[in-house]
2 protein chains.
Amino acid sequence: MQDKPSPIRETDEEARRLARKLLRGARYASLAVIDPQTGFPSVSRALLGIDLDGVPVILVSDLASHTVALKNDARCSILTGEPGKGDPLAHPRITVFCNAEPVDRQSEDHARIRARFIARHRKAELYVDFADFRFFRLAPVSAALNGGFGKAYLLSGEELTIRNFSFAAEWLHLQKLVGSMKAEANAAAQAMKAGEISDWTVSAADMAGFDLIRGDILLRYEFEEPILDVNGIINRISNFSKTS
Amino acid sequence: MQDKPSPIRETDEEARRLARKLLRGARYASLAVIDPQTGFPSVSRALLGIDLDGVPVILVSDLASHTVALKNDARCSILTGEPGKGDPLAHPRITVFCNAEPVDRQSEDHARIRARFIARHRKAELYVDFADFRFFRLAPVSAALNGGFGKAYLLSGEELTIRNFSFAAEWLHLQKLVGSMKAEANAAAQAMKAGEISDWTVSAADMAGFDLIRGDILLRYEFEEPILDVNGIINRISNFSKTS
(Lines give C-alpha, C1' and ligand atoms only; values in the text may rest on other atoms or scores of the structure.)
Protein backbone atom coordinates (compact mmCIF):
# COMPACT_ATOMS: atom_id res chain seq x y z
CA MET A 1 0.00 0.00 0.00
CA GLN A 2 3.03 2.27 0.11
CA ASP A 3 2.42 3.57 -3.42
CA LYS A 4 -1.07 4.83 -2.57
CA PRO A 5 -2.32 7.78 -0.57
CA SER A 6 -1.83 6.43 2.93
CA PRO A 7 -4.47 6.68 5.64
CA ILE A 8 -1.83 5.78 8.25
CA ARG A 9 -1.15 8.36 10.97
CA GLU A 10 2.17 8.89 12.73
CA THR A 11 2.32 6.69 15.84
CA ASP A 12 2.36 8.78 19.01
CA GLU A 13 2.42 7.84 22.69
CA GLU A 14 -1.38 7.89 22.90
CA ALA A 15 -1.60 5.35 20.08
CA ARG A 16 1.02 3.14 21.71
CA ARG A 17 -0.89 3.21 25.02
CA LEU A 18 -4.15 2.33 23.30
CA ALA A 19 -2.45 -0.50 21.42
CA ARG A 20 -1.00 -1.97 24.60
CA LYS A 21 -4.28 -1.73 26.48
CA LEU A 22 -6.18 -3.43 23.64
CA LEU A 23 -3.68 -6.29 23.56
CA ARG A 24 -2.98 -6.71 27.27
CA GLY A 25 -6.58 -6.25 28.37
CA ALA A 26 -8.04 -8.91 26.03
CA ARG A 27 -9.40 -12.16 27.46
CA TYR A 28 -9.50 -13.74 24.03
CA ALA A 29 -8.51 -13.07 20.44
CA SER A 30 -9.35 -13.97 16.89
CA LEU A 31 -6.35 -15.97 15.72
CA ALA A 32 -5.43 -16.17 12.02
CA VAL A 33 -3.17 -18.95 10.79
CA ILE A 34 -2.48 -20.56 7.42
CA ASP A 35 -4.24 -23.87 6.85
CA PRO A 36 -1.51 -26.34 5.85
CA GLN A 37 -3.80 -28.42 3.64
CA THR A 38 -5.45 -25.66 1.60
CA GLY A 39 -3.28 -22.58 2.08
CA PHE A 40 -6.37 -20.63 3.12
CA PRO A 41 -6.07 -18.14 5.96
CA SER A 42 -8.04 -19.60 8.85
CA VAL A 43 -9.49 -17.57 11.72
CA SER A 44 -10.58 -19.09 15.04
CA ARG A 45 -10.94 -18.03 18.67
CA ALA A 46 -8.38 -18.56 21.42
CA LEU A 47 -8.04 -17.51 25.04
CA LEU A 48 -5.26 -14.96 25.46
CA GLY A 49 -2.68 -14.50 28.19
CA ILE A 50 0.26 -12.10 28.45
CA ASP A 51 3.75 -13.12 29.57
CA LEU A 52 5.89 -11.00 31.91
CA ASP A 53 7.63 -9.45 28.89
CA GLY A 54 4.36 -8.41 27.30
CA VAL A 55 4.35 -11.23 24.74
CA PRO A 56 0.85 -12.66 24.16
CA VAL A 57 0.37 -16.38 24.80
CA ILE A 58 -2.30 -18.88 23.80
CA LEU A 59 -3.22 -22.28 25.23
CA VAL A 60 -4.37 -24.65 22.50
CA SER A 61 -5.12 -28.33 21.90
CA ASP A 62 -3.09 -30.46 19.50
CA LEU A 63 -6.45 -31.68 18.17
CA ALA A 64 -7.44 -28.17 17.02
CA SER A 65 -6.69 -27.15 13.46
CA HIS A 66 -5.03 -23.86 14.50
CA THR A 67 -2.43 -25.85 16.47
CA VAL A 68 -1.71 -28.11 13.51
CA ALA A 69 -1.35 -24.98 11.37
CA LEU A 70 1.03 -23.21 13.78
CA LYS A 71 3.28 -26.24 13.96
CA ASN A 72 3.53 -26.12 10.17
CA ASP A 73 3.88 -22.32 9.76
CA ALA A 74 4.57 -20.13 12.79
CA ARG A 75 3.28 -16.96 11.12
CA CYS A 76 -0.01 -15.76 12.59
CA SER A 77 -1.93 -12.69 13.65
CA ILE A 78 -4.35 -11.93 16.45
CA LEU A 79 -7.19 -9.41 16.59
CA THR A 80 -8.25 -7.95 19.94
CA GLY A 81 -10.54 -5.12 21.00
CA GLU A 82 -14.14 -6.27 21.25
CA PRO A 83 -16.99 -4.01 20.14
CA GLY A 84 -19.55 -3.05 22.74
CA LYS A 85 -22.77 -1.30 21.80
CA GLY A 86 -23.06 0.81 18.70
CA ASP A 87 -21.20 0.63 15.41
CA PRO A 88 -18.67 -2.24 15.55
CA LEU A 89 -16.25 -0.27 13.37
CA ALA A 90 -16.25 2.68 15.79
CA HIS A 91 -14.59 0.52 18.46
CA PRO A 92 -10.79 0.42 18.53
CA ARG A 93 -9.07 -2.86 17.70
CA ILE A 94 -5.59 -4.07 16.92
CA THR A 95 -4.09 -6.70 14.62
CA VAL A 96 -0.77 -8.03 15.93
CA PHE A 97 1.40 -10.05 13.55
CA CYS A 98 3.38 -12.68 15.45
CA ASN A 99 5.67 -15.65 15.16
CA ALA A 100 4.35 -18.49 17.30
CA GLU A 101 6.89 -20.28 19.50
CA PRO A 102 5.82 -23.52 21.23
CA VAL A 103 6.57 -23.58 24.96
CA ASP A 104 8.35 -26.71 26.22
CA ARG A 105 6.29 -28.25 29.02
CA GLN A 106 9.41 -28.96 31.14
CA SER A 107 10.76 -25.41 30.94
CA GLU A 108 10.73 -22.53 33.41
CA ASP A 109 8.90 -20.58 30.72
CA HIS A 110 6.06 -23.08 30.96
CA ALA A 111 5.74 -22.81 34.75
CA ARG A 112 5.67 -19.01 34.58
CA ILE A 113 3.24 -18.82 31.67
CA ARG A 114 1.00 -21.49 33.21
CA ALA A 115 0.76 -19.61 36.52
CA ARG A 116 -0.07 -16.31 34.84
CA PHE A 117 -2.54 -17.88 32.43
CA ILE A 118 -4.50 -19.68 35.14
CA ALA A 119 -4.63 -16.54 37.28
CA ARG A 120 -6.42 -14.88 34.36
CA HIS A 121 -8.44 -17.85 33.10
CA ARG A 122 -9.32 -19.89 36.16
CA LYS A 123 -11.33 -22.52 34.30
CA ALA A 124 -8.26 -23.33 32.20
CA GLU A 125 -6.86 -25.12 35.25
CA LEU A 126 -9.25 -27.96 34.37
CA TYR A 127 -7.43 -28.79 31.13
CA VAL A 128 -4.09 -26.98 31.06
CA ASP A 129 -2.22 -30.15 32.07
CA PHE A 130 -3.92 -32.45 29.56
CA ALA A 131 -1.32 -34.12 27.34
CA ASP A 132 -2.68 -32.55 24.14
CA PHE A 133 -2.61 -28.96 25.41
CA ARG A 134 0.30 -26.62 24.92
CA PHE A 135 1.20 -22.97 25.15
CA PHE A 136 2.59 -20.87 22.34
CA ARG A 137 4.26 -17.52 22.87
CA LEU A 138 3.22 -15.23 20.02
CA ALA A 139 6.26 -12.98 19.54
CA PRO A 140 5.01 -9.70 18.01
CA VAL A 141 6.57 -8.69 14.70
CA SER A 142 4.42 -5.66 13.90
CA ALA A 143 0.91 -4.40 14.46
CA ALA A 144 -1.88 -2.40 12.85
CA LEU A 145 -3.98 -0.33 15.25
CA ASN A 146 -7.38 0.93 14.17
CA GLY A 147 -8.61 3.48 16.68
CA GLY A 148 -11.88 4.02 14.82
CA PHE A 149 -12.72 5.58 11.45
CA GLY A 150 -9.65 7.21 9.89
CA LYS A 151 -7.42 6.50 12.89
CA ALA A 152 -4.97 3.90 11.61
CA TYR A 153 -1.46 3.40 12.95
CA LEU A 154 1.38 0.95 12.37
CA LEU A 155 3.52 -0.25 15.28
CA SER A 156 6.64 -2.34 15.62
CA GLY A 157 6.71 -5.52 17.68
CA GLU A 158 9.04 -3.80 20.17
CA GLU A 159 6.41 -1.14 20.87
CA LEU A 160 4.12 -3.86 22.22
CA THR A 161 6.58 -5.69 24.44
CA ILE A 162 8.09 -4.70 27.78
CA ARG A 163 11.68 -3.58 27.32
CA ASN A 164 13.27 -4.16 30.75
CA PHE A 165 11.36 -7.32 31.60
CA SER A 166 12.78 -9.83 34.06
CA PHE A 167 11.86 -13.48 34.48
CA ALA A 168 13.56 -13.59 37.91
CA ALA A 169 11.72 -15.41 40.69
CA GLU A 170 10.63 -12.23 42.44
CA TRP A 171 8.63 -11.20 39.37
CA LEU A 172 6.73 -14.46 39.37
CA HIS A 173 6.23 -14.19 43.12
CA LEU A 174 4.77 -10.70 42.59
CA GLN A 175 1.63 -12.35 41.28
CA LYS A 176 0.98 -14.01 44.65
CA LEU A 177 1.58 -10.75 46.48
CA VAL A 178 -0.84 -8.72 44.38
CA GLY A 179 -3.42 -11.53 44.56
CA SER A 180 -4.04 -10.73 48.23
CA MET A 181 -4.51 -6.98 47.66
CA LYS A 182 -8.32 -7.05 47.70
CA ALA A 183 -9.04 -3.55 49.01
CA GLU A 184 -6.48 -2.12 46.61
CA ALA A 185 -8.05 -4.01 43.71
CA ASN A 186 -11.48 -2.56 44.46
CA ALA A 187 -10.03 0.93 44.81
CA ALA A 188 -8.22 0.57 41.50
CA ALA A 189 -11.42 -0.61 39.82
CA GLN A 190 -13.22 2.42 41.20
CA ALA A 191 -10.45 4.71 39.87
CA MET A 192 -10.89 3.06 36.46
CA LYS A 193 -14.63 3.77 36.67
CA ALA A 194 -15.57 0.08 36.50
CA GLY A 195 -19.32 -0.39 36.90
CA GLU A 196 -18.92 -2.62 39.95
CA ILE A 197 -16.81 -1.54 42.89
CA SER A 198 -16.46 -4.78 44.88
CA ASP A 199 -15.09 -8.31 44.42
CA TRP A 200 -12.15 -7.31 42.20
CA THR A 201 -8.82 -9.12 42.30
CA VAL A 202 -5.42 -8.14 40.93
CA SER A 203 -4.74 -11.28 38.92
CA ALA A 204 -1.25 -10.34 37.73
CA ALA A 205 1.23 -7.49 37.50
CA ASP A 206 4.29 -6.66 35.43
CA MET A 207 6.57 -3.68 34.86
CA ALA A 208 4.04 -2.00 32.58
CA GLY A 209 0.85 -2.39 34.60
CA PHE A 210 -1.55 -4.83 36.22
CA ASP A 211 -4.69 -6.83 35.47
CA LEU A 212 -7.93 -6.61 37.43
CA ILE A 213 -10.43 -9.43 37.15
CA ARG A 214 -13.95 -9.90 38.45
CA GLY A 215 -15.73 -13.03 37.23
CA ASP A 216 -15.30 -12.90 33.47
CA ILE A 217 -14.39 -9.23 33.26
CA LEU A 218 -10.78 -8.20 32.75
CA LEU A 219 -9.48 -4.63 33.10
CA ARG A 220 -5.93 -3.72 32.22
CA TYR A 221 -4.27 -0.80 34.02
CA GLU A 222 -1.17 0.62 32.32
CA PHE A 223 1.29 2.64 34.42
CA GLU A 224 2.29 6.06 33.07
CA GLU A 225 5.90 4.84 32.99
CA PRO A 226 7.25 1.30 33.53
CA ILE A 227 8.09 0.49 37.17
CA LEU A 228 11.27 -1.55 37.24
CA ASP A 229 11.18 -3.03 40.76
CA VAL A 230 8.69 -5.25 42.52
CA ASN A 231 8.34 -3.05 45.61
CA GLY A 232 7.62 -0.04 43.43
CA ILE A 233 4.73 -1.91 41.86
CA ILE A 234 3.32 -2.98 45.24
CA ASN A 235 3.50 0.63 46.40
CA ARG A 236 1.88 1.89 43.24
CA ILE A 237 -1.08 -0.48 43.59
CA SER A 238 -1.35 0.28 47.32
CA ASN A 239 -1.73 3.95 46.50
CA PHE A 240 -5.16 3.35 45.01
CA SER A 241 -6.66 2.50 48.39
CA LYS A 242 -4.82 5.34 50.13
CA THR A 243 -6.01 8.07 47.82
CA SER A 244 -9.59 6.93 47.30
CA MET B 1 -5.58 -33.86 10.76
CA GLN B 2 -7.15 -36.88 9.04
CA ASP B 3 -4.49 -39.24 10.38
CA LYS B 4 -5.18 -38.37 14.02
CA PRO B 5 -8.00 -39.26 16.37
CA SER B 6 -10.64 -36.84 15.14
CA PRO B 7 -12.71 -34.72 17.50
CA ILE B 8 -15.11 -33.93 14.62
CA ARG B 9 -18.73 -35.01 15.05
CA GLU B 10 -21.05 -36.03 12.25
CA THR B 11 -22.92 -32.99 10.96
CA ASP B 12 -26.66 -33.21 11.71
CA GLU B 13 -29.56 -30.85 11.07
CA GLU B 14 -29.14 -29.20 14.46
CA ALA B 15 -25.51 -28.37 13.65
CA ARG B 16 -26.48 -26.98 10.25
CA ARG B 17 -29.14 -24.76 11.81
CA LEU B 18 -26.71 -23.46 14.40
CA ALA B 19 -24.10 -22.80 11.69
CA ARG B 20 -26.58 -20.83 9.59
CA LYS B 21 -27.80 -18.78 12.54
CA LEU B 22 -24.25 -17.93 13.59
CA LEU B 23 -23.38 -16.78 10.08
CA ARG B 24 -26.64 -15.07 9.07
CA GLY B 25 -27.20 -13.42 12.44
CA ALA B 26 -23.75 -11.76 12.66
CA ARG B 27 -23.44 -8.00 12.35
CA TYR B 28 -19.69 -8.24 11.87
CA ALA B 29 -16.93 -10.80 11.48
CA SER B 30 -13.24 -11.34 11.99
CA LEU B 31 -11.85 -11.56 8.48
CA ALA B 32 -8.63 -13.46 7.76
CA VAL B 33 -6.72 -12.78 4.55
CA ILE B 34 -3.15 -13.33 3.36
CA ASP B 35 -0.96 -10.24 3.47
CA PRO B 36 0.53 -9.90 -0.02
CA GLN B 37 3.76 -8.29 1.18
CA THR B 38 4.68 -10.68 4.00
CA GLY B 39 2.59 -13.82 3.42
CA PHE B 40 1.34 -13.57 7.01
CA PRO B 41 -2.28 -14.38 7.73
CA SER B 42 -3.92 -11.08 8.69
CA VAL B 43 -7.09 -10.77 10.75
CA SER B 44 -9.23 -7.64 10.87
CA ARG B 45 -12.85 -6.69 11.49
CA ALA B 46 -15.52 -6.09 8.84
CA LEU B 47 -19.25 -5.45 8.83
CA LEU B 48 -21.15 -8.43 7.48
CA GLY B 49 -24.20 -8.66 5.27
CA ILE B 50 -25.94 -11.66 3.71
CA ASP B 51 -27.08 -11.83 0.09
CA LEU B 52 -30.41 -13.36 -0.98
CA ASP B 53 -28.66 -16.66 -1.69
CA GLY B 54 -27.13 -16.82 1.79
CA VAL B 55 -23.66 -15.74 0.63
CA PRO B 56 -21.98 -13.40 3.14
CA VAL B 57 -20.90 -9.99 1.87
CA ILE B 58 -18.51 -7.35 3.16
CA LEU B 59 -18.19 -3.64 2.39
CA VAL B 60 -14.56 -2.52 2.48
CA SER B 61 -12.35 0.40 1.51
CA ASP B 62 -9.64 0.15 -1.13
CA LEU B 63 -7.40 1.92 1.37
CA ALA B 64 -7.69 -0.92 3.90
CA SER B 65 -5.07 -3.65 3.85
CA HIS B 66 -7.65 -6.48 3.81
CA THR B 67 -8.99 -5.12 0.50
CA VAL B 68 -5.51 -4.99 -1.03
CA ALA B 69 -4.99 -8.55 0.17
CA LEU B 70 -8.29 -9.86 -1.26
CA LYS B 71 -7.52 -8.34 -4.66
CA ASN B 72 -4.24 -10.27 -4.62
CA ASP B 73 -5.55 -13.57 -3.22
CA ALA B 74 -9.29 -14.22 -2.98
CA ARG B 75 -8.94 -16.92 -0.32
CA CYS B 76 -10.19 -15.82 3.08
CA SER B 77 -12.12 -16.94 6.13
CA ILE B 78 -14.54 -15.26 8.49
CA LEU B 79 -15.26 -15.98 12.14
CA THR B 80 -18.69 -15.16 13.59
CA GLY B 81 -20.46 -15.93 16.85
CA GLU B 82 -19.59 -13.41 19.54
CA PRO B 83 -19.10 -14.49 23.14
CA GLY B 84 -21.40 -13.02 25.74
CA LYS B 85 -20.74 -13.43 29.43
CA GLY B 86 -18.83 -16.39 30.79
CA ASP B 87 -16.12 -18.50 29.21
CA PRO B 88 -15.48 -17.25 25.65
CA LEU B 89 -14.77 -20.81 24.50
CA ALA B 90 -18.16 -22.03 25.70
CA HIS B 91 -19.91 -19.83 23.13
CA PRO B 92 -20.55 -21.32 19.69
CA ARG B 93 -18.71 -19.84 16.71
CA ILE B 94 -18.07 -20.69 13.10
CA THR B 95 -15.17 -20.31 10.70
CA VAL B 96 -16.32 -20.07 7.08
CA PHE B 97 -13.70 -20.46 4.35
CA CYS B 98 -14.60 -18.38 1.32
CA ASN B 99 -13.47 -17.15 -2.06
CA ALA B 100 -13.96 -13.38 -2.28
CA GLU B 101 -15.58 -12.06 -5.45
CA PRO B 102 -15.59 -8.28 -6.03
CA VAL B 103 -19.01 -6.87 -6.92
CA ASP B 104 -19.11 -4.59 -9.96
CA ARG B 105 -20.61 -1.25 -8.97
CA GLN B 106 -22.70 -1.05 -12.16
CA SER B 107 -24.24 -4.50 -11.76
CA GLU B 108 -27.65 -5.64 -10.56
CA ASP B 109 -25.79 -7.61 -7.93
CA HIS B 110 -24.50 -4.34 -6.52
CA ALA B 111 -27.93 -2.72 -6.32
CA ARG B 112 -29.37 -5.76 -4.53
CA ILE B 113 -26.46 -6.19 -2.14
CA ARG B 114 -26.32 -2.46 -1.40
CA ALA B 115 -30.03 -2.34 -0.51
CA ARG B 116 -29.80 -5.34 1.80
CA PHE B 117 -26.58 -4.17 3.41
CA ILE B 118 -27.92 -0.70 4.20
CA ALA B 119 -31.14 -2.14 5.63
CA ARG B 120 -28.95 -4.00 8.11
CA HIS B 121 -26.22 -1.38 8.65
CA ARG B 122 -27.95 1.96 8.36
CA LYS B 123 -24.85 4.05 9.04
CA ALA B 124 -23.13 2.45 6.06
CA GLU B 125 -25.32 4.63 3.86
CA LEU B 126 -22.94 7.48 4.75
CA TYR B 127 -19.99 5.91 2.91
CA VAL B 128 -21.27 3.05 0.75
CA ASP B 129 -21.13 5.20 -2.39
CA PHE B 130 -17.63 6.60 -1.78
CA ALA B 131 -15.36 5.82 -4.75
CA ASP B 132 -12.97 3.72 -2.67
CA PHE B 133 -15.63 1.43 -1.17
CA ARG B 134 -16.66 -1.85 -2.70
CA PHE B 135 -18.56 -5.01 -1.87
CA PHE B 136 -17.16 -8.51 -2.02
CA ARG B 137 -19.33 -11.60 -2.02
CA LEU B 138 -17.59 -14.25 0.06
CA ALA B 139 -18.59 -17.52 -1.61
CA PRO B 140 -18.41 -20.25 1.08
CA VAL B 141 -16.15 -23.20 0.30
CA SER B 142 -16.35 -25.03 3.62
CA ALA B 143 -16.82 -24.28 7.29
CA ALA B 144 -15.76 -25.40 10.75
CA LEU B 145 -18.42 -25.07 13.44
CA ASN B 146 -17.43 -25.11 17.08
CA GLY B 147 -20.55 -25.47 19.22
CA GLY B 148 -18.58 -25.35 22.48
CA PHE B 149 -16.08 -27.72 24.08
CA GLY B 150 -15.90 -31.00 22.16
CA LYS B 151 -18.64 -30.05 19.70
CA ALA B 152 -16.80 -29.60 16.42
CA TYR B 153 -18.36 -30.09 13.00
CA LEU B 154 -17.28 -29.63 9.39
CA LEU B 155 -19.72 -28.28 6.81
CA SER B 156 -19.66 -27.81 3.07
CA GLY B 157 -20.16 -24.40 1.47
CA GLU B 158 -23.49 -25.62 0.04
CA GLU B 159 -24.81 -26.30 3.54
CA LEU B 160 -24.49 -22.58 4.30
CA THR B 161 -26.09 -21.17 1.18
CA ILE B 162 -29.75 -21.10 0.09
CA ARG B 163 -30.39 -23.68 -2.56
CA ASN B 164 -33.47 -22.38 -4.40
CA PHE B 165 -32.60 -18.70 -4.19
CA SER B 166 -33.94 -16.22 -6.69
CA PHE B 167 -32.63 -12.77 -7.55
CA ALA B 168 -35.90 -11.87 -9.27
CA ALA B 169 -37.33 -8.40 -8.60
CA GLU B 170 -40.05 -9.67 -6.28
CA TRP B 171 -37.42 -10.98 -3.88
CA LEU B 172 -35.73 -7.63 -3.66
CA HIS B 173 -39.12 -5.94 -3.28
CA LEU B 174 -39.86 -8.31 -0.37
CA GLN B 175 -37.49 -6.27 1.74
CA LYS B 176 -39.69 -3.17 1.42
CA LEU B 177 -42.80 -5.17 2.25
CA VAL B 178 -41.38 -6.68 5.42
CA GLY B 179 -39.93 -3.31 6.47
CA SER B 180 -43.44 -2.02 7.18
CA MET B 181 -44.43 -5.03 9.32
CA LYS B 182 -43.83 -3.36 12.68
CA ALA B 183 -46.35 -5.21 14.84
CA GLU B 184 -45.23 -8.50 13.32
CA ALA B 185 -41.59 -7.65 14.00
CA ASN B 186 -42.31 -7.01 17.68
CA ALA B 187 -44.34 -10.21 17.95
CA ALA B 188 -41.53 -12.17 16.33
CA ALA B 189 -39.00 -10.64 18.73
CA GLN B 190 -41.21 -11.65 21.63
CA ALA B 191 -41.45 -15.21 20.28
CA MET B 192 -37.65 -15.25 20.09
CA LYS B 193 -37.48 -14.15 23.72
CA ALA B 194 -35.66 -10.91 22.90
CA GLY B 195 -35.19 -8.78 25.99
CA GLU B 196 -37.03 -5.81 24.51
CA ILE B 197 -40.45 -6.25 22.96
CA SER B 198 -40.92 -2.96 21.09
CA ASP B 199 -39.24 -0.98 18.30
CA TRP B 200 -38.18 -4.00 16.25
CA THR B 201 -38.04 -3.95 12.46
CA VAL B 202 -37.81 -6.78 9.94
CA SER B 203 -34.80 -5.49 8.01
CA ALA B 204 -34.70 -8.24 5.40
CA ALA B 205 -36.11 -11.63 4.48
CA ASP B 206 -35.11 -14.51 2.24
CA MET B 207 -36.25 -18.08 1.58
CA ALA B 208 -34.48 -19.35 4.69
CA GLY B 209 -35.59 -16.78 7.26
CA PHE B 210 -35.62 -13.12 8.22
CA ASP B 211 -33.60 -10.56 10.15
CA LEU B 212 -34.92 -8.48 13.03
CA ILE B 213 -33.07 -5.33 14.00
CA ARG B 214 -33.45 -2.89 16.87
CA GLY B 215 -30.76 -0.23 17.09
CA ASP B 216 -27.51 -2.20 16.96
CA ILE B 217 -29.03 -5.57 17.80
CA LEU B 218 -29.59 -8.14 15.09
CA LEU B 219 -31.62 -11.32 15.53
CA ARG B 220 -31.82 -13.94 12.83
CA TYR B 221 -34.93 -16.12 12.56
CA GLU B 222 -34.54 -19.32 10.54
CA PHE B 223 -37.65 -21.01 9.15
CA GLU B 224 -38.04 -24.73 9.87
CA GLU B 225 -38.04 -25.32 6.11
CA PRO B 226 -37.24 -22.87 3.29
CA ILE B 227 -40.28 -20.96 2.00
CA LEU B 228 -40.02 -20.66 -1.75
CA ASP B 229 -42.51 -17.88 -2.51
CA VAL B 230 -42.74 -14.27 -1.40
CA ASN B 231 -46.36 -14.48 -0.24
CA GLY B 232 -45.56 -17.52 1.85
CA ILE B 233 -42.92 -15.53 3.66
CA ILE B 234 -45.24 -12.57 4.26
CA ASN B 235 -47.83 -14.96 5.68
CA ARG B 236 -45.27 -16.70 7.85
CA ILE B 237 -44.10 -13.42 9.40
CA SER B 238 -47.70 -12.22 9.79
CA ASN B 239 -48.49 -15.31 11.84
CA PHE B 240 -46.36 -14.07 14.69
CA SER B 241 -48.75 -11.23 15.45
CA LYS B 242 -51.81 -13.46 15.01
CA THR B 243 -50.70 -16.15 17.41
CA SER B 244 -49.19 -13.98 20.13
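Residues numbered from 1 in each chain as written. Chains lettered and ligands numbered in written order. Predicted model: local features only at pLDDT ≥ 70, side-chain atom pairs only at ≥ 80, totals over all residues. Heavy atoms only, no water.

Asks: Can you lay out the overall build of chain A for me, pointing to particular residues and giving the numbers?
Replies: Along chain A, the regular secondary structure elements total 6 helices and 11 strands. Relative to the globule expectation of 18 Å for 244 residues, the C-alpha radius of gyration of chain A, 18 Å, shows essentially globular dimensions. A burial count over chain A gives 56% of its 244 residues as buried. Contacts in chain A between residues at least 24 apart in sequence constitute 64% of all its contacts with a sequence separation of at least 6. (Helix = DSSP H or I, 4+ residues; strand = E, 2+ residues; numbered from the N terminus. Rg over C-alpha atoms; globule rule 2.2 N^0.38 Å. Buried < 20%, exposed > 50% of the residue type's maximum accessible area, 1.4 Å probe, protein only. Contact = heavy atoms within 4.5 Å.)

Asks: Give a description of the interface of chain A and chain B that names residues and reports values.
Replies: Contacts between chain A and chain B engage 49 residues on the former and 50 residues on the latter. The contact between chain A and chain B buries some 4100 Å² in all, and 61% of this surface belongs to carbon and sulfur atoms. At the junction of chain A and chain B, the tally comes to 2 salt bridges. In this structure, B:Arg45 engages A:Glu82 in a salt bridge whose closest nitrogen and oxygen atoms are separated by 3.8 Å. Elements that contribute at least two residues to the side of chain A that touches chain B include exactly β2 (28-34), β3 (41-50), α2 (65-72), β5 (75-80) and β6 (93-102) of chain A. In terms of residues, the side of chain A that touches chain B owes the most to one element, β3(A), which gives 6 residues. Looking at the side of chain A that touches chain B residue by residue, the class counts come to 25 nonpolar, 14 polar and 10 charged. (Buried area = accessible area lost by both parts, 1.4 Å probe. Salt bridge = Lys/Arg side-chain N within 4 Å of Asp/Glu carboxyl O. Nonpolar A, V, L, I, M, F, W, Y, C, P; charged D, E, K, R; others polar.)

Asks: Hey, could you go over the pairing of strand β4 (residues 56-61) of chain B for me, with residue numbers and the actual values?
Replies: Here is the key point about a regular strand: its side chains alternate between the two faces of the sheet. Residue and element names in this part refer to chain B. Buried residues dominate β4, accounting for 6 of its 6 residues. Of the two faces of β4, the one holding Pro56, Ile58 and Val60 and the one holding Val57, Leu59 and Ser61 are both buried throughout. As consecutive antiparallel partners, strand β3 (residues 41-50) and β4 are separated by 5 residues, and within that stretch Gly54 has a phi angle of approximately 85 degrees, a positive value. Pairing geometry for β4 and strand β7 (residues 133-146), over 5 bridges, is antiparallel. Bridge pairing links Ile58 to Phe136 in β7. (Pairing = 2+ DSSP bridges.)

Asks: Tell me about the pattern of salt bridges, residues and numbers included.
Replies: Side-chain pairing between opposite charges can occur once the charged atoms of the two side chains come close. Applying the stated criterion across every chain, the model contains 46 salt bridges over all chains. Among the salt bridges present, the one from B:Asp53 reaches B:Arg137, with a minimum N-O distance of 2.8 Å. Of the two residues, B:Asp53 is situated in the loop between β3 and β4 and B:Arg137 in strand β7; the sequence distance between them amounts to 84 residues. Taking relative accessible area as the criterion, B:Asp53 reaches 5% and is therefore assigned buried. Looking at B:Arg137, the relative accessible area reads 13%, which means it is buried. Sharing partners across several salt bridges, the network here consists of A:Arg24, A:Arg116, A:Arg120, A:Asp206, A:Asp211, A:Arg220 and A:Glu222.

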